[in-house]
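Topology and contacts: notes
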Amino acid sequence: MNLGPDGVLRVAYYAHQFGDTKASSQVYRLAWDQTAFEQDVVLPDQVVVDLQSSPQTAQRYSLYALSRLGTPRNIDDVSDNGDRTGALSTCKSVQHPSVKQVNTFDRLMLDDLSVGKDGVLLVYATDASGDGAPRDLTFLSKNFGKSWEELYDGFALGGYFDPETNTQYALFAYKRNIDTARRSHSHQLRKG
């Protein structure tokens, strides 16, 4: 779900088949003056993980969908480990917009998305492809998804992203001998 800066509520859900459309995520919208949801966007062959809008309060803003390509994980099939390519797509906040895929993420389990001002995007993911414990990663774009920087700060215990100031706050834990030292910090993520 996402509540846009203009008060439009959007809900995304996966459907194996919806009319003539097979295996897609459907995004429906409900404006303040409407009494029923209406279809807004269809993302074929995708399972939406997170839906976010940019914080700008102009009449037209961007909507971002973080998805896993393909069908949902089949928990009854032990050979299906849920490994899917991830995708970030965007569209404008107009009715029935065209959707553009911004980027794909391989070998990662996509977890969450944060959208800030002036093109700042954060994609949170887990990399469980190597030996040992999975690694939490953050991918940062300061130009609306045209280029990306991979950040690895250790093991995050929690965090918050302020879209109005493009500031990420997080609490991390580090183990040193027997003691665990905890620290919190913030990153100011500005364009440029």
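Residues numbered from 1 in each chain as written. Predicted model: local features only at pLDDT ≥ 70, side-chain atom pairs only at ≥ 80, totals over all residues. Heavy atoms only, no water.

Regarding the overall build of the protein chain
Applicable threshold: Working definition: helices are DSSP H or I runs of at least four residues, strands are E runs of at least two. Numbering for both runs from the N terminus. Relative accessibility decides the category of a residue: with a 1.4 Å probe and only protein chains considered, values under 20% of the type maximum give buried, values over 50% give exposed, and everything between is partly exposed. Residue contacts follow a heavy-atom distance rule, with two residues in contact if any of their heavy atoms lie within 4.5 Å.
Within the protein chain, the regular secondary structure consists of zero helices and 15 strands. Going through the 192 residues of the protein chain one by one, you find that 41% of them count as buried. Pairs at least 24 residues apart make up 36% of the contacts formed inside the protein chain by residues separated by at least 6 positions.

Thoughts on the packing of aromatic side chains
What counts, and what does not: Here a pair means two rings of Phe, Tyr or Trp (six-membered ring of Trp) with centres within 6.5 Å. Their orientation is stacked below 30 degrees between planes, edge-to-face above 60, and tilted elsewhere.
Scanning the model with the defined rule gives four aromatic pairs in all. Note on Phe105 and Phe139: the rings are 5.4 Å apart at their centroids and 55 degrees apart in plane angle, and the pair reads as tilted. Highlighted residues: Phe105 in strand β8 (residues 100-105) and Phe139 in strand β11 (residues 135-141), separated in sequence by 34 residues. Look at Phe139 and you get buried, because its relative accessible area is 8%. In textbook terms, an aromatic cluster arises when at least three aromatic residues are bridged by ring pairs, as seen for Phe105, Phe139 and Trp148.

Quick look at the sheet that holds strand β9 (residues 109-115)
Which entries qualify depends on this criterion: At least two DSSP bridges between two strands are required for those strands to pair. Note on definitions: angles span 0 to 180 degrees between N-to-C directions of axes, and those axes are lines fitted to C-alpha atoms, for helices only across the stretch in contact.
Spatial strand order, β9-β10-β11-β12: four strands in an open sheet with antiparallel pairing. Strands at the two margins of the open sheet, each flanked by one partner only, are β9 and β12 (149-151). Neighbour-to-neighbour, the strand axes of this sheet turn through a mean angle of 25 degrees, independent of strand direction.

A closer look at unusual backbone geometry
In this structure, Asp45 is a non-glycine residue whose phi angle is positive, near 55 degrees. On the secondary structure map, Asp45 appears in the loop between β4 (38-44) and β5 (46-53). A positive phi angle, near 55 degrees, is found at Asp118, a position not held by glycine.

A few points about the sheet that holds strand β7 (residues 86-92)
Strand pairing within a sheet occurs via backbone hydrogen bonds; the two strands may be parallel or antiparallel. Strand order across the open sheet formed by four strands is β5-β6-β7-β8, with antiparallel pairing between neighbours. Each edge of the open sheet is held by one strand with a lone partner, namely β5 and β8. Adjacent strand axes in the sheet meet at a mean angle of 25 degrees, parallel and antiparallel pairs treated alike.

Let's talk about the side chain of Asn166
Counted only if it meets this: Polar contacts here mean pairs of N or O atoms no more than 3.5 Å apart (in protein, one a potential hydrogen donor and the other a potential acceptor; neighbouring residues in sequence count only if both atoms are side-chain atoms).
One can find Asn166 in the loop between β13 (155-162) and β14 (167-176). The buried category is assigned to Asn166, whose relative accessible area is 5%. Separated by 2.8 Å, the side chain of Asn166 and the backbone nitrogen of Lys117 make a polar contact.

Re the pairing of strand β10 (residues 121-127)
Among the seven residues in β10, seven count as buried, and that is most of the element. The alternating pattern of β10 places Leu121, Val123, Ala125 and Asp127 and Leu122, Tyr124 and Thr126 on opposite faces, both of which are buried. Pairing analysis gives six bridges linking β9 to β10, with the strands arranged antiparallel. What sits directly across from Asp112, in β10, is Tyr124. The hairpin formed by β9 and β10 contains five residues between the paired strands, and Asp118 there has a positive phi angle of roughly 55 degrees. Bridge analysis of β10 against β11 gives seven bridges, and the strand direction is antiparallel. Note that in β11 the partner of Asp127 across the bridge is Arg135.

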